[in-house]
Amino acid sequence: MSDFITLFRKYAEGSCTDNEKQELFTLIALSENDSMLHDELDLLINTMDEDLAVPNEKANEILSVILRLKPGKAKTKRLFPFVWQAAAAILLLLGSGLYFLLTRPAATNTTQLAVVKEITPAANGAILTLDNGRTILLDSMQQNVIYQSGSTIKLNKGVVTYEANTSGTASYNTLTTPKGRIFHLVLPDSSDVWLNAGSSIRYPTAFTGAERKVELQGEAYFEVAHNAHKPFIVSKGSTTVQVLGTHFNVNAYDDEEAIKTTLLEGSVKVVLSAGRNPQSAILKPGQQAIAIGSPVTTAHSLLTINNSPDLDQVIAWRKGIFNFENADLKAVMRQLERWYDIQVAYENNVPNIVFGGKMKRDLNLSQVLRILEISKVNFRLEDRKLIVSSQLSN
């Protein structure tokens, strides 16, 4: 029996000394031991033996090592105490055990992680486009005041706010977060909007009419200031969300199959106007509207209600977390594309993989790729292009 297996089983039984723990964690950090790591994790699942269950604090230590240490380089520095930084996309703590939640085709080989240029996670930043077409890069501006058409725009600590427009007229601005950027906007009515990476919102500098209407591309979380006399409307193509004052999330990326509106607090009305027969639904807190719209025919226009969406998963991005529960590989990759500003391409067929678990979004891409490597996802990174294959390398 190898030293790795012996140490892992002793650790699972709680009989490892501190020195043995350090030796085990150093071995876990080496990609050459991934096959044995898979086998031992599978053993924990298949036996369902409480004596082999790994307590939460032990699992925290294992995951910390996987995420902190670079593959192929043993570390001799002190490894304790560890702070829980992230749960791996393939590992999740259930009760007192450590379980392997990746559903995958059988495989015997693992991919080797190439040494790549470090790609950092999304940072606070955006592009503000004024009514005259002028663009302002907000990434590095800590404090600034911008004047336009009688309105005052302030940037303070990464938040854009608007002062009341005294001219009685409104121009339109657009705030865009490229891939790899997120931003917080306070609209002229004091409503808060958090834009996820790869998103944009177009809005007036003053809400002077009978409604407060904004146009969204991508994903945003809204906390709308209450105004019973002036409904707040979020528009994306043929789908609109109408509210008076509430907290909700809209996922309206072009590369997603549907527009999903999830209500956290208050009440919203979702209207799908595509085709000849408009559809609408009023949501209650905890419900999600799923709109699939076609502007030509109702054959592919559909508005449905999910009465029990995973709310933690919906708003995980607002909390700085990736939540990959029951997410297939393409869904995971779409999030990584936006967050790390990379391009994902597939060779042959898309691997039939479903993930579970969570991890913090402050990891560098190399740490996420290490998790994918352990997950037996075959890939290579060429500059900012991640190529995923269904064939495992030898």
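Counting from 1, residues in each chain are numbered in the order their sequence is written. In keeping with the model being predicted, local features are shown solely for residues with a pLDDT of at least 70 and side-chain atom pairs are shown and tallied solely at 80 or more, while totals for entire chains, interfaces and linings include all residues. With hydrogens and water excluded, all non-hydrogen atoms of the structure serve as input to the side-chain values.

1. Quick notes on the overall build of the protein chain
Short version of the rule: A helix here means a DSSP run of H or I that spans at least four residues, while a strand means a run of E at least two residues long, and both kinds are numbered starting from the N terminus. Only protein chains enter the accessibility calculation, which uses a 1.4 Å probe. A residue is then buried if its area is under 20% of the maximum for its type, exposed if over 50%, and partly exposed in between. Contacts: residue pairs with any heavy atoms within 4.5 Å of one another.
Of regular secondary structure, the protein chain possesses seven helices and 28 strands. In the protein chain, which comprises 394 residues, the share counted as buried stands at 49%. Restricting to contacts in the protein chain with at least 6 residues of sequence separation, those with at least 24 account for 55%.

2. Quick word on the sheet that holds strand β27 (residues 378-382)
Note the threshold: At least two DSSP bridges between two strands are required for those strands to pair. Structural elements are reduced to axes, namely lines fitted to C-alpha atoms, with helices fitted over the stretch in contact, and the angle between N-to-C directions of any two is expressed from 0 to 180 degrees.
Strands sit in the order β24-β28-β27 across an open sheet of three strands; the sheet is mixed. Looking at which strands have only one partner, the edges of the open sheet turn out to be β24 (343-347) and β27. In this sheet, adjacent strand axes meet at a mean angle of 25° when their direction is disregarded. Strand direction decides the pairing type here: β24 and strand β28 (residues 385-389), joined by five bridges, are parallel. Bridge pairing in β28 links Glu347 to Ser389. Of the strands in this sheet, β24 and β28 touch helix α6 (residues 329-340), which is tilted by about 150° from β24.

3. As for the nonpolar core
Our working definition: Residues belong to a common nonpolar core when they are buried Ala, Val, Leu, Ile, Met, Phe, Trp, Tyr or Cys residues joined through side-chain atoms within 4.5 Å.
Formed by 42 residues in total, the largest nonpolar core has its most connected members in Leu128, Leu175, Phe222 and Phe248. Of all the elements, strand β13 (residues 212-223) adds the most residues to this core, at four residues. With near-sequence residues (within four places) excluded, Phe248 lies in contact with Ala220, Tyr221, Phe222, Val224, Val234, Val241, Val243, Thr261, Thr262, Leu263, Leu264 and Val268. Phe355, Leu369, Leu372 and Val388 belong to the second largest nonpolar core, which has 29 residues in total.

4. Here we look at the packing of aromatic side chains
Counted only if it meets this: Here a pair means two rings of Phe, Tyr or Trp (six-membered ring of Trp) with centres within 6.5 Å. Their orientation is stacked below 30 degrees between planes, edge-to-face above 60, and tilted elsewhere.
All chains considered together, the criterion is met by seven aromatic pairs. Taking 6.0 Å as the distance between ring centres and 50° as the angle between the ring planes, the aromatic pair formed by Trp194 and Tyr221 counts as tilted. Here Trp194 is found in strand β11 (residues 192-195), whereas its partner Tyr221 is found in strand β13, with 27 residues between them in sequence. For the pair formed by Trp194 and Tyr221, the shared burial category is buried. Here the aromatic rings of Phe322 and Phe324 are separated by 5.3 Å at their centres, their planes lie at 20°, and the arrangement is stacked. Accessibility assignment for this pair places Phe322 and Phe324 in one class, buried.

5. Remarks on the pattern of salt bridges
For the record, the criterion: Definition used for salt bridges: Asp or Glu carboxyl oxygen within 4 Å of a side-chain nitrogen of Lys or Arg.
Evaluated as defined, the whole model comprises 11 salt bridges. With a closest N to O distance of 2.7 Å, Arg338 and Asp255 form a salt bridge. Highlighted residues: Arg338 in helix α6 and Asp255 in the loop between β16 (247-252) and β17 (259-265), separated in sequence by 83 residues. With its nearest N and O atoms 3.8 Å apart, the salt bridge here joins Asp362 to Lys360. Three or more residues joined by partner-sharing salt bridges are found here, namely Asp255, Glu256, Arg334 and Arg338.

6. Some points on unusual backbone geometry
In the Ramachandran plot, Ser190 falls in the positive-phi region, its phi being about 75° despite a non-glycine side chain. For Ser190, the location among the structural elements is in the loop between β10 (181-186) and β11. With phi around 60°, Asn326 is a residue other than glycine that occupies positive phi space. Here Asn326 shows up in the loop between β22 (321-323) and β23 (327-328). Since its relative accessible area comes to 67%, Asn326 is described here as exposed.

7. Regarding the environment of Arg181
On the secondary structure map, Arg181 appears in strand β10. Arg181 sits in the partly exposed class, given a relative accessible area of 27%. For the pair Arg181 and Pro121, spaced 60 residues apart in sequence, the C-alpha separation works out to 8.5 Å.

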